[in-house]
Amino acid sequence: MARTTQIKRKHMQIARFCRQYLQLEPVVDFPDGEYLCDASVQETLYEQLFSEDIQNPAPPRYQLRILKELVKRIEGSIEDWDRYGLSDNLYTRLSHLLSLRLPSEADAAQQKCYVTYHLSLLDAGSAPDQTLPDRTLPVLGDKAPHITLLESRNLIAASGTTGLRTWEASLHLGQYLLTHPSLVRDKRVLELGAGTGYVSILCAKYLGSKHVIATDGSDEVVANLPDSFFLNGLQGSDSVQPMELWWGHALVGTEEAQWNGGREVDVVLGADITYDKSVIPALVATVEEVLGLFPKAEVVIARTERNRETYESFLSVCEGRGLEVVHAEFPVPPRSEQTGPFYNELMPIHICQLRRK
């Protein structure tokens, strides 16, 4: 039993470090020294994180920062250099990164980069009663449930759109859907403010939605969505489509008698779409129109609580439109308990359902 516990602890520490790295977390939890000095662990870290054969690698500046600290910790963990040593592959990779002429931090912040979010709630290896053989180390990449996106990590683009990175509310809404999959399984889903497409991809690829419409009001964001679908094997798929949708504008115009060709919408999703007080009236008007067209549709929104005034405005507008806001009990787990994706626990994120009174 003690050996099984030790093996599982080793697996969990290495998996946690790999997942944080692939998500480009600023602060990662390095495995304990007793594991880092193991040659098989070092080779696993090289193959999964630093090899030149990796399809969607982390930015060189990020690789260098993490690898320098990793090598430092490996060397510090070795007491018997006759028995243990530093991986030649890790050392060669570090030397190569040190030789590169890397962009400045300011320039690097303007560049898009690959970010991979591990869906630990879908990982069979996370079962608490599972025993792991001694050779078992975390398997990532294409062999574990994940979503990879090409994001702009400078938060907001020059055009003012916030949809070029995945925000915490999207990750939290994703966790809610993973624990309540029947909400979207075999359903037609409409996502408002889809941004990078994280929630739409989750529904289309992993949660069995019949069809997903990923909408946004930004031309740039909508134009980027096919790339997100491609990265996650959804290119050419009939299960998900991008669409431009401006809140507050009539869904049914002169060009078509029925919106979306008359196809039903069963569920409306939105993450962090109540961030700006000025857009709330248009947002709620769109939700109301969707419910007018599809009275049986369920509406679920994840909102980050940044300031009370914006939330009160949201409640007031919903009240004026005859919509009831019902909160679901689904708190953000402490970071120490998160196993992927990882996101800030300090700012509350609430799951709300909007219903006609």
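It should be emphasised that the depicted structure is a prediction, and the values quoted were computed from it without experimental measurement. (Residues numbered from 1 in each chain as written. Predicted model: local features only at pLDDT ≥ 70, side-chain atom pairs only at ≥ 80, totals over all residues. Heavy atoms only, no water.)

**Q** Account for the overall build of the chain, naming residues and giving values.
**A** Scanning the chain from terminus to terminus reveals eleven helices and nine strands. Since a compact globule built from 357 residues should have a radius of gyration of about 21 Å, the 22 Å found for the chain is in line with a globular shape. The dimensions of the chain, computed from C-alpha atoms along their principal axes, are 75 × 50 × 40 Å. Expressed as a percentage of the 357 residues in the chain, the buried residues total 48%. (Helix = DSSP H or I, 4+ residues; strand = E, 2+ residues; numbered from the N terminus. Rg over C-alpha atoms; globule rule 2.2 N^0.38 Å. Buried < 20%, exposed > 50% of the residue type's maximum accessible area, 1.4 Å probe, protein only.)

**Q** Could you give an account of the sheet that holds strand β8 (residues 323–328), with specific residues and numbers?
**A** Taken in spatial order, the seven strands make up an open sheet running β5-β4-β3-β6-β7-β9-β8, and their pairing is mixed. Looking at which strands have only one partner, the edges of the open sheet turn out to be β5 (240–244) and β8. The average angle at which neighbouring strand axes cross in this sheet is 25 degrees, direction not considered. Direction of pairing for strand β7 (residues 298–304) relative to strand β9 (residues 349–356): antiparallel, over a ladder of six bridges. (Pairing = 2+ DSSP bridges. Axes fitted to C-alpha atoms, helices over the stretch in contact; angles between N-to-C directions.)

**Q** Please give an account of helix α7 (residues 168–179) that cites residues and values.
**A** Counted at 1.5 Å a residue, the expected span for α7 with its twelve residues is 16 Å, and the 17 Å between its end C-alpha atoms agrees. Judged by how many residues are buried, α7 sits mostly within the fold: ten of twelve residues are covered. Those residues of α7 hidden inside the fold are in contact with β1 (112–118), α8 (198–206), β6 (267–271), β7, β8 and β9. (Expected span 1.5 Å × (residues − 1). Contact = heavy atoms within 4.5 Å.)

**Q** Let's hear about the confidence of the model for the chain: which residues, and what values?
**A** For the chain, the mean per-residue pLDDT works out to 90, and 90% of the residues sit at or above 70. For residues 125–139, every residue scores under 50 in pLDDT, and the model assigns this stretch 27 contacts once sequence neighbours within four places are set aside. Note that pLDDT drops below 50 for residues 156–160; the model gives that stretch five contacts with residues more than four away or on any other chain. (pLDDT = per-residue confidence, 0-100.)

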